[in-house]
Amino acid sequence: LGIFLPAFFFVACTAPFLNKILKSPSIKNLLTGLNSASLAILIMAAISMSQKLRQNPALSITFFVLSLLALFRFRWNGTVLILVGLGVSTIVSQV
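Only a predicted model underlies this, so the values are computations on that prediction, with no experimental measurement involved.

Visitor: Is there a simple way to think about the overall build of the protein in this case?
Guide: Each helix and strand counted, the protein has five helices and zero strands in total. In the protein, the succession of helices and strands from N to C terminus is α-α-α-α-α. Over its C-alpha atoms the protein spans a radius of gyration of 19 Å, topping by over 25% the 12 Å that the globule rule assigns to 95 residues. Here the protein holds 95 residues, and the buried ones make up 6% of them. Here the protein has roughly 8400 Å² of accessible surface; of this, 75% comes from carbon and sulfur atoms.

Visitor: Explain unusual backbone geometry to me, please; I cannot follow it from the model alone.
Guide: Excluding glycine, most residues fall at negative phi; most peptide bonds, likewise, are trans. Its identity is not glycine, yet arginine 75 carries a phi of approximately 55°, on the positive side. Here arginine 75 is to be found in the loop between helix 4 (57-73) and helix 5 (78-94). Assessed through its relative accessible area of 65%, arginine 75 is described here as exposed.

Rules of the game
- Residues numbered from 1 in each chain as written.
- Predicted model: local features only at pLDDT ≥ 70, side-chain atom pairs only at ≥ 80, totals over all residues.
- Heavy atoms only, no water.
- Helix = DSSP H or I, 4+ residues; strand = E, 2+ residues; numbered from the N terminus.
- Rg over C-alpha atoms; globule rule 2.2 N^0.38 Å.
- Buried < 20%, exposed > 50% of the residue type's maximum accessible area, 1.4 Å probe, protein only.
- Areas by Shrake-Rupley, 256 points an atom, 1.4 Å probe, with all protein chains shown as cover.

Written out as structure tokens, the structure reads:
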């Protein structure tokens, strides 16, 4: 909530002025830079997670397959999968 709420608030506040804002070349360049920066952050997060996956590859592959099964076969909600993953990773990290 703390991550997404400010972004939604910002979009809601700037939506009426979006066309006027996007006509400015400096704003366009700023938004292009922000877009690139957010992509770089996502890539770094993926690299960080993949390094942690190498610590226990059997568990990671098993959890991946079970998550796909729960998602596609049993039609679990993505939020439920995230919460189950949080619980499992908490339990595994304590052992």
